[in-house]
Amino acid sequence: MVKKEMIAMLLAGGQGSRLGVLTAKVAKPAVSFGGKYRIIDFPLSNCINSGVDTVGVLTQYQPLRLNTHIGIGIPWDLDRNIGGVTVLPPYEKSGNSEWYTGTANAIYQNLDYMEGFHPDYVLILSGDHIYKMDYEVMLQFHKKNGSECTIAVMPVPMEEAKRFGIMITDENKKITDFEEKPKEPRSNLASMGIYIFNWNTLKEALIAKANQPHLDFGRHVIPYCHEKGAPMYAYEFNGYWKDVGTLQSYWEANMELIDIVPEFNMYEEYWKIYTKSEILPPQYLAPGSAVERSIIGEGAEIYGAVYNSVVGCGVTVGKGCVVRDSIVMNNTEIGDGCELYKSIVAENVRIGQRVKLGVGEETFNNTAPHIYNSGLVTVGEKSVLPDDVSVGRNSVIYGITGREDYPDGYLVPGSTLMKAGDEE
């Protein structure tokens, strides 16, 4: 096997349960984002733009769409004879079959894959963040400081620091201590879950801690390296970075793409975001339609009005519709005369005629208020909504629904409508 200086291991097995029905049948990194992309496109594009041409993608939860999307890596120029992209699901070993039980356990189970490239360095990434980062610059920082483990950090407001793994550093950014979700933070440098390890350091730590249940980087591997006295540094990142792990943050990140001057610019020539694209016709805007401050995917047909929204590929918006402040994912059909406000509609949904989403007062969701909040209506993939119904805010719909599921044609705010056989 040819030697590689640095390979990447991309953790893409997460269920993303805080995205509710959006991840009922699909892994979080495969969720649509920004009209034509999927969340995993961003770290994959960062890899190839940074010159990292060997990427192991560790999948577990509902991997089918993720595997289909990645394929052999052609869109990211990762279809290489040597290296390229490799999907690494859990597999049965002699004598036992084992799921990935933690972030570091997933890496540990693929030691043989990494060993095959004799790397000097291993880059650990998460598959569910939206950002652009040049990993080559981080590697140069790692080398220059003689670091054995470099952790990408970003400054967060001090009052939010208790939600993160926090690094305490000296004036040279050498890590002197760290705290996992501290009650009284001593620093505001939050770990981004992006690490560069010397290969030998990583291998030693994984083998030493292999028997830990739910083997994790923050709780086990990094403390081990710190206790061994390995030099560890914090690489400070000040660009755009968003964890789209909640419906609110996912909706906000999409809405930020359509700001007049977007904080996250997907149109830069020198740092392209690559994705697997279907061969689709151009968008069609019918006479009398209106589109303002929106992203419209290829193959979409707009007969109504779309304001401040992100509309995916192959979507149909019927006559007399008004779609506002919403995300509509690929291949969804919206009938005539509908009104959508602050809604997230997943892929392949069929919405009847004269349907209203996002009406009424904001109230807590009756089954999962920690997920379905911030006034959004969420519709899971392949759901069907009948004609002439209204759906209140903070409601969630999943499955093929009929008129009988909407008392008096109205699903009150905070409702949960899940049809039999459709689990969250």
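Residues numbered from 1 in each chain as written. Predicted model: local features only at pLDDT ≥ 70, side-chain atom pairs only at ≥ 80, totals over all residues. Heavy atoms only, no water.

K.L.:
An account of the overall build of the chain is requested, with residue identities and associated values reported.
P.N.:
Looking only at helices and strands, the chain has eight helices and 35 strands in total. Scored against the burial criterion, the 424 residues of the chain give a buried share of 57%. Across the chain, the fraction of contacts at a sequence separation of at least 24, relative to all contacts at a separation of at least 6, is 58%. Only carbon and sulfur atoms are counted for the fraction: they give 49% of the accessible area of the chain, which is about 17,900 Å². (Helix = DSSP H or I, 4+ residues; strand = E, 2+ residues; numbered from the N terminus. Buried < 20%, exposed > 50% of the residue type's maximum accessible area, 1.4 Å probe, protein only. Contact = heavy atoms within 4.5 Å. Areas by Shrake-Rupley, 256 points an atom, 1.4 Å probe, with all protein chains shown as cover.)

K.L.:
Kindly report on the environment of Ala 346, identifying the contributing residues and their values.
P.N.:
Along the polypeptide, Ala 346 turns up in the loop between β27 (343–345) and β28 (350–351). When the C-alpha atoms of Ala 346 and Glu 381 are compared, they prove to be 4.6 Å apart, with 35 residues separating the residues in sequence. Setting aside residues up to four positions removed in sequence, Ala 346 forms contacts with Leu 22, Met 329, Thr 332, Val 379, Gly 380 and Glu 381.

K.L.:
I'd like a rundown of the pairing of strand β8 (residues 121–126), residues and numbers included.
P.N.:
In terms of burial, β8 is a largely internal element, six of the six residues being buried. Judged by which residues are buried, β8 turns out to be covered on both faces: Tyr 121, Leu 123 and Leu 125 on one side and Val 122, Ile 124 and Ser 126 on the other are all buried. Pairing analysis gives six bridges linking strand β1 (residues 6–11) to β8, with the strands arranged parallel. Residue pairing across strands places Met 9 opposite Ile 124, the latter belonging to β8. (Pairing = 2+ DSSP bridges.)

K.L.:
Which residues make up the sheet that holds strand β30 (residues 377–379), and what values go with them?
P.N.:
Taken in spatial order, the seven strands make up an open sheet running β18-β21-β24-β27-β30-β33-β35, and their pairing is parallel. A single partner strand is all that each edge strand has here, and the edge strands are β18 (295–296) and β35 (416–418). Two elements, β27 and β30, share three bridges in a ladder whose sense is parallel. Pairing of Ile 344 across the sheet is with Thr 378, part of β30.

K.L.:
Report on unusual backbone geometry, specifying residues and quantitative values.
P.N.:
One non-glycine residue with positive phi stands out, namely Lys 173, at about 70°. Residue position: Lys 173 is located in the loop between β11 (165–169) and β12 (175–180). For Lys 173, a relative accessible area of 24% corresponds to the partly exposed category.

K.L.:
Explain the sheet that holds strand β31 (residues 384–385) residue by residue, including any values.
P.N.:
Strand order in the open sheet formed by six strands is β16-β19-β22-β25-β28-β31, with parallel pairing between adjacent strands. Among the strands making up the open sheet, the edge pair consists of β16 (284–285) and β31. The pairing of β16 with strand β19 (residues 301–302) spans two bridges and is classified as parallel. Along β19, the bridge assignment pairs Leu 285 with Ile 302.

K.L.:
Can you explain the packing of aromatic side chains? Please cite residues and give values.
P.N.:
Tallied over the full model, the rule gives twelve aromatic pairs. Ring pairs connect the aromatic residues Phe 33, Tyr 37, Phe 42, Tyr 240, Tyr 250 and Phe 264, which therefore count as one cluster. In this structure, Lys 132 packs its charged tip against the face of Phe 264, placed 5.2 Å from the ring centre. Over the ring of Trp 251 we find Lys 342, and its NZ or CZ is 4.9 Å from the ring centre. (Phe/Tyr/Trp six-rings, centres within 6.5 Å; stacked < 30°, edge-to-face > 60°. Lys NZ or Arg CZ within 6 Å of the ring centre and 35° of its normal.)

K.L.:
Before we move on, can you summarise empty space enclosed by the protein with the specific residues and values?
P.N.:
Empty space left among the atoms is revealed by rolling a probe the size of a water molecule over them. In this structure the tally under the stated criterion is two cavities of 30 Å³ or more. Taken together, 13 residues form the lining of the second largest cavity, with Ser 32, Gly 34, Gly 35, Ile 327 and Met 329 sitting closest to its centre. Taken together, the elements giving at least two residues each to the lining of the second largest cavity come down to β2 (32–33), α8 (247–256), β21 (310–311) and β24 (327–328). Grouping the amino acids of the lining of the second largest cavity by side-chain chemistry returns seven nonpolar, six polar and no charged. (1 Å grid on protein atoms, 1.4 Å probe; cavity = no way out; pocket = protein on both sides within 12 Å on 5 of 7 lines; lining within 4 Å. Points joined across faces, edges and corners; volume = space filled by probe spheres on them. Nonpolar A, V, L, I, M, F, W, Y, C, P; charged D, E, K, R; others polar.)

K.L.:
Tell me about helix α5 (residues 135–144), residues and numbers included.
P.N.:
Along α5, the residues classified as buried are Tyr 135, Met 138, Leu 139, Phe 141 and His 142. Looking down the long axis of α5, one finds its buried residues gathered within 160° of arc, a one-sided arrangement. The N-cap of α5, judged by a side-chain oxygen 2.9 Å from the amide nitrogen of Glu 136 a few residues on, is Asp 134. Phi turns positive, to about 60°, at Gly 146, one or two residues after α5. (Arc of directions from axis to C-beta. Polar contact = N/O pair within 3.5 Å; in protein donor to acceptor, adjacent residues only side chain to side chain.)

K.L.:
I'd like a description of the pattern of salt bridges, backed by residues and values.
P.N.:
Under the criterion given, the structure shown has 20 salt bridges. The salt bridge partner of Lys 3 is Asp 120, with a shortest N-O separation of 3.0 Å. Of this pair, Lys 3 sits in the segment before β1 while Asp 120 is found in the loop between α4 (111–115) and β8, placing the two residues 117 residues apart along the sequence. Assessed through its relative accessible area of 47%, Lys 3 is described here as partly exposed. Residue Asp 120 is classed as partly exposed on the basis of its relative accessible area, which comes to 35%. Arg 186 is the partner of Glu 179 in a salt bridge, and the nearest nitrogen-oxygen pair spans 2.8 Å. Judged by relative accessible area, Glu 179 falls into the buried class, the value being 17%. Within the structure, one salt-bridge network assembled from shared partners comprises Lys 28, Asp 128 and Asp 243. (Salt bridge = Lys/Arg side-chain N within 4 Å of Asp/Glu carboxyl O.)

K.L.:
For the pairing of β11, give the residues involved together with the corresponding values.
P.N.:
On a regular strand, one side chain projects to one face of the sheet and the next to the other, so that they alternate. Burial of β11 is extensive: four of the five residues sit out of reach of the surface. Here five bridges tie β11 to β12, and the two strands are oriented antiparallel to one another. Paired with Ile 168 across the two strands is Asp 177, which belongs to β12. Between β11 and β12, which pair antiparallel one after the other, the connecting turn spans five residues, and Lys 173 there sits at a positive phi close to 70°. Where β11 meets strand β13 (residues 189–198), two bridges bridge the pair, whose relative direction is antiparallel. Bridge pairing in β13 links Ile 166 to Ala 190.

K.L.:
Now, about helix α1 (residues 41–49): what can you tell me, with residues and values included?
P.N.:
A large share of α1 lies buried, amounting to eight of its nine residues. When α1 is considered as a whole, its buried residues turn out to be Asp 41, Phe 42, Pro 43, Leu 44, Ser 45, Asn 46, Cys 47 and Ile 48. Following α1 by one or two positions, Gly 51 adopts a phi angle in the positive range, close to 80°.

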